[in-house]
Amino acid sequence: MPSRQPSSIPSRLPTSQPSQSPTILYKAPEVIQSYSNVSSSSAMVTWGLDENCKFAGTLYSGLFSADSNVTTISQIQAAGVAVQYQSFQRMVVVQHTGLTPYTSYDVYAYVETLAGYVNSKGVALASKQTFTTGCCRSLQFTQSPAFVYADSSKYASLSSDASYSFRYALSTAPSQDVTFVPLVQYANGTVLPSTLVSTYPVSTTFTSSAASAAALQGSFILKIGQLELSESVTIVLNATGTSANEYGTTAVSTAVKIVGNGGVPPPPSLSGVIFGDSGKDFYVLFDSWTDMGGKDFRETWPCRDLLSFEGSNTTTCSWLNLTAIVGVFPSTTSASSGGVSLVSVGGNVTLRGGKLKPYCKTGGSSTCDAYNASTSQTVSMQTATNAVTPSVVLVTASRVGSCDNVSINAMLSNGHGGRPWTSATWSVYALDGDSAVDVTSVLATLSSYGTSLGQLLTIPRAYFQSGKITLSLTLTNFFGASATGSVAFTVVNDPLVPNVYIAGAPMVYMRAYSAFTAYSSVTFTTCSQSSTSSLQSTYQWAMVAQSTGRAIATVSTSRAVAQYSIPSFSLTAGEVYQLALNVTLVEKTSGQVVAYSSATQGVTVLRGQLYARVAGGSVRQFPTNKNYTLSAASSYDEDATSTRLWYDWSCRVTSLESFDANCTELFGGYRNTSVATVPIYGSALNVSWVYGVTVTVRSSDGRTGSTTVTIQGLRTATDTTDGSSTTTLPQVSTEITTQEVRFNVNANFSIMSLIQSSDDTNARWEIFIDGRNQSVDANSPLSRWLQSLYTQTSMPVALVMQAYTFVAGSVVSFRIYAESSGASTSDRRRRLQTSSETVVSYSEISVTINGPPSDGDVTCLPTSGAALSTTFALSTSNWVDTNPADFPLRYEFQYSLAPGVLPSLTIQSLSALSTVSSQFPAGLQSYDYTVTLFVTAYDIHDAGSTAAQTNITVTMDSSVNLTSYVTDNLAASIASGDVSTAFQVLGNVASMVNVVNCSAASASYCASFHRAPCVDTANTCGSCLTGYTGIVGDANRRCFDLSSGGDTAGLPGSSCTTGDDCLYGSCSSSVCIVPLMTCPSSVSEVECSGHGTCSYRDNSGRSIASSSCTITNVDCHPTCVCTDGYGGKDCSLSRTALLARSSLRGSLCGGISSLQSNTDESSSILSSLSGALVSSYAPDEVVSDGDYGQCASALTGVAELAAQGYLAGASVSVVENLVGSVSSFVDSSLNMTAERALAVQTALNNVAAGVASSLSAGHYPLEVTSDNVRLSVHRDFVTDLTNQTFSPPLTASEDAYGVLGSTMMFDENANVSACSDGTGYVKLAIAGYGRNPFPNSTRVESPMLRLSSETATASTASSTASTMMVRELLQSQSMESQIPDNAVAAYYFTVQFM
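Everything numeric here is computed off the predicted structure, so don't read it as measured data.

### Regarding the overall build of the chain
Scanning the chain from terminus to terminus reveals 16 helices and 79 strands. Taken over the C-alpha trace, the chain has a radius of gyration of 36 Å; the compact-globule value for 1394 residues is 34 Å, and the two agree within 12%. Of all 1394 residues assigned to the chain, the portion counted as buried reaches 53%. Counting contacts in the chain only where the partners sit at least 6 residues apart, residues at least 24 apart contribute 69% of the total. On the chain, roughly 56,500 Å² of surface is accessible, and the fraction owed to carbon and sulfur atoms is 47%. A distance of 6 Å separates the average location of the 65 positive side-chain charges in the chain from that of its 96 negative side-chain charges.

Rendered as structure tokens:
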């Protein structure tokens, strides 16, 4: 490139707003000059724009191979790097990376302004510039052991080749051919004699036809002829051939030490420290395997233990593998960070001396003890390989009315790396001239926020006249990278115009295989809210392809009008779209349009990748007595579902013996590349070798993808003792069926496998990180026996891992073993101990653990206010993810009046909106009127963390009428698509009506008893604090310190002076006694609030003597019988108040049903609905049939949502809410009818079915308790049912007071296989009741136990049997008419235990 072409912006071209604006045409700026600074793999292109750059916009720099057929603007956009520029910026610099050396490229520019002006196609195509990259193609080692043993016997013959093989990779194929010869040299450059050290293979040749990543890789091993040789050598890759010079004139080399017999490996050396791309983390790399300094893979520790650097005291570290540490910096973006100083690029990082030794497989042997520790070493922190560039996102309403201030949301901007922005610079411009905006005041206002962007930035409306305005913000992060974002809005003199925007950046990027969802926000101006009650809003969405100008045919699948959703592959790869939303305000009676607003968002569908996938696992062991098939049919193209793929299979030996030898004989000569499968002939497997079978998948457009499966054989016959014959052993095979290779650290996950065996088999899981076996706690058995009855075909075996078992970023390998001896069941354990008689097959998969976003905070203004009248503005920001590609994030806003005690309620369900406005109920008096707000952020893989939390104070406003509040807000918000407000109304009102009088049980009063504050029971403290014991549940009695023997202090019968000496708080005649239970009351020391009497009933509703109703009698329920004119649980409500309360709760339940009908079904919505339901329904306050019907309908709908699979991935708290809701309806058992009982049982059935479906096969039982329902859901192996005792879980009271729960068992004669779900496992639920849930319950004299089992199919016979079982049980209770003759799907029955 000639030197006369400038590499920076010439001073003659203005870069900021001139004092006198030139004559500007209202059109997009055109490119008038361009410059390129080109290297071998990148090009910095500088585009010079003409004078029409008055309005900010985006320049797309589209790069193509030379002479590509570029004919549309969409091609330029889809292939382009998008750079936003400010008003009057005349030069735009774009960096293109990842280019191929010696290659010509065409680059085009296309410009869009925020004013809506764009380049024509002709202008864009005329901007074409061509350049050619220079020398050289790159070559690098990808695997290079720091040392190798001269004696190859030190390596297990089937061990990983990572410890002895060298691998290298070419960046691109040569133009013709190149051969690389590894040369082993002394320090002086002399090549060692081949009799002493040689390489195998001697050389590797690459040709221009090498297209896939696999075809561009080479490998070799060292063969050492003298076992005592100890030498430090250098391996040089010497290039020969026609294209040798294309890879540079300096040969690539790596150092290695040969360790001879009697020698020890060198101590690990610190090879580098580098920032992660996000800036939030960093990696410490060593040249060889370490002993990890005594740490464990799953351990997080202060970095100062092994390292020293600025901030090491507050930074946490973990080992990712034996050669790499990952460190995670603390957040320094929030005000609470305390100004922590952290290491930056170029800063020193020191390994503390004497801390690390080489990894030793034999543990603490004398050989290992002789290993030397590393000395202190210091290196400089390197910048990230692909350091994150700021993504500047500004969001505001597209049209701003006459009475609201302008609010700018910059909180979605990311790329700060968990540290404060280095700088934030603003610019502003008005399209209609300077008179439309007070530039000085606007810039002063925005600049006053500095680099703190974690709140809405408010600009007074008085600074603007009518017209179109653009604001630009340039952010710089601590890496020194900068980027600009802009937003345009129109100021209008209209008080009714709604504020409308689509959440996220003005241009979003996706791939065709992803579903697409956009979230909008629509609010009304403050001076028009009194008028909006007579108006209704309509939403109109359209997704328009830019190349055709036509809307796509696919319509939104979302039931929420404010949300736009389309399924995967609705959009075409390589196309650019514009999503438009028009919101219109219409007068309800006349239909006249009174105001409108709109918002747009660009959507670029990037070209996707081709992924090769081989089913069964990445590492497999095949017994040699049968043939197998490898299938790559699950390979896929991210761009389309119907892409034709071609397959090429290859095989190389990877073990030391015969390393790199061709082994396609395994395929038996079969290599048909038009199909996705290849046979593996077991008889061809050499059990002493390890094979690498690679499939390369190719699409018609030339894209490729490849993957390799490691295979080894297992012998399947053995000589008899006299050597005269052989014994044929069982046929055993394993297969990993899990395809996902990424799992979230914060969620349980399952690895699924299939085992096929001709005989009884032992299935066993092992877990590895970098080859080291990990001892973990799983949610399913790590080993189990499988009967041949189920393994003759294929038996699924799952491993269910607990959340947070592994460190984020770890690569974890899961291996399933199947071991069979061919022995009978009674003899199998003995035979399996004899290795010569046992066949072992295994399959393995490696997965990456994905970490969630972190460091976020939540801001709420104001910080205090009045219940249901003060509107609070919430926002969240400063989130960071260690993988920048995991953006954009989604957020879920919730609150709780008593965290951990009361359910969390929804402020805004999961969406891309980072701000929300809400009113709140009054905080609880016992919590000083505090309302806790928290935000959970989720990345694109649904990894979530609740890192953001804050408290506000909300006091009671007695002027608010709850009925009017519901009437005025609930139906209107649902109808207008404002789902967030609807959820807020439900939560706010439910919280207010559930408040009990705690004036006589202050927080300090309860603390003196070591109890939680008063929440659920009037004037009564909560449960014992953690570490204390006493009366279970709510009570005003002392709890005793368990660490001081509190569980044995003051037992009944012990001597006492006062009640404080007794475990249960009651002392009578100097003896500790068990106190009686009392009825609830809103007035202390007054029975049933003075408006009723206390009645004592058992679980079936029969009266019992009060003297037997002690706190340890869990079968007794003290119940208020209210006098005429009063009602409620404690008889505190007058008849009028009770009916009003019933109506109010009925309205809330009706709102839940309406919300479910107007929102998209998801786990997040189920969570929100379940929280609202458990808070809304109270059996003692819903007294009319109509109100009960609305609540029962809500229960049915929410339970059905659970049964549809939306409990998958949900937290246990959602199940607790669902079971708690069913429990509340069981609490109505005294008024139970046959119809109501059936509805409750159906709801419980659906909840149990949903839980069962969310559990993987083999998952340990999930248990949940509530006052009236105890549920245990099993996914056991079907044969495990025999002689297994089943019982529902005990409540805390039952457990503390030694209650023996009801149990049942299938004996040896039971046909347990009938319970199978079709896979050899069961979906079984067992439930117990705290109260009898059926009508005529007083006829039952013992507790009830409920068992249900869901099967995969139901035959006519089983359907009849199921119906008859239920009918026979319920016939005596007048419920037979409720059971239809065609009932199928689940066996369930409820039995009485005497």
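Still to come is the rest of the account.
### Section: the packing of aromatic side chains
Centre-to-centre distance and the angle between the planes together describe a pair of aromatic rings. Under the criterion given, the structure shown has 43 aromatic pairs. Seen from their ring centres, F166 and F220 are 5.2 Å apart, and the 5° between their planes marks the pair as stacked. Placement of F166 in strand β10 (residues 165-170) and of F220 in strand β14 (residues 217-224) is noted, with a sequence separation of 54 residues between them. When sorted by exposure, F166 lands in the same class as F220, which is buried. Measuring from centroid to centroid gives 6.0 Å for F806 and F814, while their planes differ by 80°, and the two rings are edge-to-face. On the basis of relative accessibility, which here comes to 5%, the residue F806 falls in the buried class. Members of the aromatic cluster, connected to one another through ring pairs, are F141, F166, Y168, F180, F206, F220 and Y247. Its guanidinium or amino end placed over the ring of Y200, K223 lies 4.7 Å from that ring's centre, counting from NZ or CZ.

### A closer look at the state of the cysteines
Counted by the stated rule, this structure contains 14 disulfides. Disulfide pairing is shown between C135 and C136; the S-S distance is 1.2 Å. One disulfide in the model links C1079 with C1094; its S-S distance is 2.0 Å. Between C1079 and C1094, the disulfide has an S-S torsion of 85° and is therefore right-handed.

### A look at the sheet that holds strand β22 (residues 324-328)
Strand order in the open sheet formed by 8 strands is β19-β21-β22-β18-β17-β24-β23-β20, with mixed pairing between adjacent strands. With one partner strand each, in any of the chains shown, β19 (301-302) and β20 (307-308) form the two edges of the open sheet.

### Considering helix α11 (residues 1163-1176)
Taking 1.5 Å of rise per residue, 14 residues should cover 20 Å, and α11 covers 20 Å from first to last C-alpha, within 8% of that figure. Considered for burial, the residues of α11 that qualify are S1164, I1165, L1166, S1167, S1168, L1169, S1170, G1171, A1172, L1173, S1175 and S1176. At its buried positions, α11 is contacted by β60 (890-896), β61 (905-911), α8 (979-993), α10 (1135-1157), α12 (1185-1206) and α13 (1212-1226).

### Some remarks on the pairing of strand β77 (residues 1323-1329)
Summarising burial for β77: 6 of the 7 residues are buried, a large majority. Pairing between strand β74 (residues 1269-1274) and β77: 6 bridges, direction antiparallel. By the bridge assignment for β77, L1271 is matched with A1327. In the sheet, β77 pairs with strand β78 (residues 1344-1350) via 6 bridges, with the strands oriented antiparallel. Note on β78: the bridge partner recorded for A1327 is R1346.

### Some thoughts on the confidence of the model for the chain
Close inspection of predicted coordinates is inappropriate for parts of the model with low pLDDT. The predicted model of the chain averages 87 in pLDDT, with 91% of residues at 70 or higher. Confidence drops under a pLDDT of 50 for residues 719-725, and excluding neighbours within four residues, the segment shows 5 contacts in the predicted structure. Confidence over residues 1354-1388 falls short of pLDDT 50; this stretch has 53 contacts with residues more than four positions distant or in other chains.

### Some words on the environment of A126
Relative to the elements of secondary structure, A126 occurs in helix α2 (residues 121-126). Its relative accessible area of 64% is what places A126 among the exposed residues. Along the sequence, A126 and Y108 sit 18 residues apart, while their C-alpha atoms lie 7.9 Å from each other.

### Observations regarding the environment of T199
By secondary structure assignment, the location of T199 is in strand β12 (residues 197-200). With 15 residues separating them in the primary sequence, T199 and V184 have C-alpha atoms 8.0 Å apart. Every residue in contact with T199, bar those within four places of it in the chain, is listed here: P182, V184, F220, I221 and L222.

### So, the pairing of strand β1 (residues 31-38)
Pairing between β1 and strand β2 (residues 43-49): 7 bridges, direction antiparallel. In the sheet register, Q33 faces β2, and the bridge partner there is G48. Counted along the chain from β1 to the antiparallel partner β2, the turn is 4 residues long.

### Some points on the pattern of salt bridges
A side chain with one charge may pair with a side chain of the opposite charge, provided their charged atoms come close. The full count for this structure, using the stated rule, is 24 salt bridges. The closest approach of N and O atoms between R607 and D639, which form a salt bridge, is 4.0 Å. Taken together, the positions of R607 in the loop between β37 (593-606) and β38 (610-611) and D639 in the loop between β41 (636-637) and β42 (645-653) put the pair 32 residues apart, joining distant regions of the chain. Where salt bridges share partners, they join R607, D637, D639, D701 and R703 into one cluster.

### Some words on the nonpolar core
Membership of the largest hydrophobic core comes to 101 residues, with the highest contact counts inside it found for L874, F920, L933 and V1222. Sequence-distant contacts of V1222, that is, excluding residues within four places in its chain, are made with L1195, V1240, A1243, L1244, V1247 and V1269.

### Some words on the packing of helix α7 (residues 962-975) against α8
Helix packing geometry: the angle between the two helix axes and the distance between the axes. It is at 8 Å that the axes of α7 and α8 come closest, and there the two elements cross at 160°. Taken together, the axes of α7 and α8 are roughly antiparallel relative to one another. Considering the relative orientation of α7 and α8, their crossing is left-handed. Contacts from L962, Y965, V966, N969, L970, S973 and I974 of α7 reach α8 at V979, T981, A982, V985, L986, N988, V989, M992 and V993.

### A look at unusual backbone geometry
Residue C135 is joined to C136 through a cis peptide bond whose omega torsion reads 10°. As for its placement among the helices and strands, C136 is situated in the loop between β7 (129-132) and β8 (139-143). That bond from F887 to P888 is cis: its omega, 5°, falls within 30 degrees of zero. Position of P888 among the secondary structure elements: in the loop between β59 (872-877) and β60. Despite not being glycine, N1283 has its phi angle at roughly 65°, a positive value. Among the secondary structure elements, N1283 is positioned in the loop between β74 and β75 (1285-1286). Classification of N1283 as partly exposed rests on a relative accessible area of 39%.

### Some remarks on the packing of α11 against α13
Interaxial distance between α11 and α13 falls to 9 Å at its minimum, and their mutual angle equals 35°. Viewed along their axes, α11 and α13 form a crossing whose handedness is left-handed. Where α11 abuts α13, its residues L1166, S1167, S1170, G1171, L1173 and V1174 lie against V1214, N1217, L1218, G1220 and S1221. Tallied by class, the residues present in the contact of α11 with α13 amount to 5 nonpolar, 6 polar and no charged.

### Section: the side chain of S877
Tracing the backbone through its elements, the reader meets S877 in strand β59. Overall, the relative accessible area of 2% leaves S877 in the buried class. Not counting the four nearest positions on each side in its chain, S877 is found in contact with M411, G454, G856 and D857.

### Quick word on the sheet that holds strand β4 (residues 80-85)
The 4 strands are arranged β4-β3-β6-β7 in an open sheet whose pairing can be described as antiparallel. Every other strand in the sheet has two partners, leaving β4 and β7 as the edge strands with one partner each. Strand-to-strand, the axes of this sheet are offset by a mean angle of 25°, without reference to chain direction. For strand β3 (residues 57-65) and strand β6 (residues 104-113), the ladder comprises 9 bridges, and the chain directions are antiparallel. Following the sheet pairing, S65 is matched in β6 by Y105.

Definitions and cut-offs
- Residues numbered from 1 in each chain as written.
- Predicted model: local features only at pLDDT ≥ 70, side-chain atom pairs only at ≥ 80, totals over all residues.
- Heavy atoms only, no water.
- Helix = DSSP H or I, 4+ residues; strand = E, 2+ residues; numbered from the N terminus.
- Rg over C-alpha atoms; globule rule 2.2 N^0.38 Å.
- Buried < 20%, exposed > 50% of the residue type's maximum accessible area, 1.4 Å probe, protein only.
- Contact = heavy atoms within 4.5 Å.
- Areas by Shrake-Rupley, 256 points an atom, 1.4 Å probe, with all protein chains shown as cover.
- Lys, Arg positive; Asp, Glu negative; His and termini not counted.
- Charge placed at Lys NZ, Arg CZ, Asp CG, Glu CD.
- Phe/Tyr/Trp six-rings, centres within 6.5 Å; stacked < 30°, edge-to-face > 60°.
- Lys NZ or Arg CZ within 6 Å of the ring centre and 35° of its normal.
- Disulfide = S-S within 2.5 Å.
- Pairing = 2+ DSSP bridges.
- Expected span 1.5 Å × (residues − 1).
- pLDDT = per-residue confidence, 0-100.
- Salt bridge = Lys/Arg side-chain N within 4 Å of Asp/Glu carboxyl O.
- Core = buried A, V, L, I, M, F, W, Y, C linked by side-chain atoms within 4.5 Å.
- Axes fitted to C-alpha atoms, helices over the stretch in contact; angles between N-to-C directions.
- Parallel < 35°, antiparallel > 145°, perpendicular 65-115°, else oblique.
- Left-handed = near helix turned anticlockwise from the far one by under 90°.
- Nonpolar A, V, L, I, M, F, W, Y, C, P; charged D, E, K, R; others polar.

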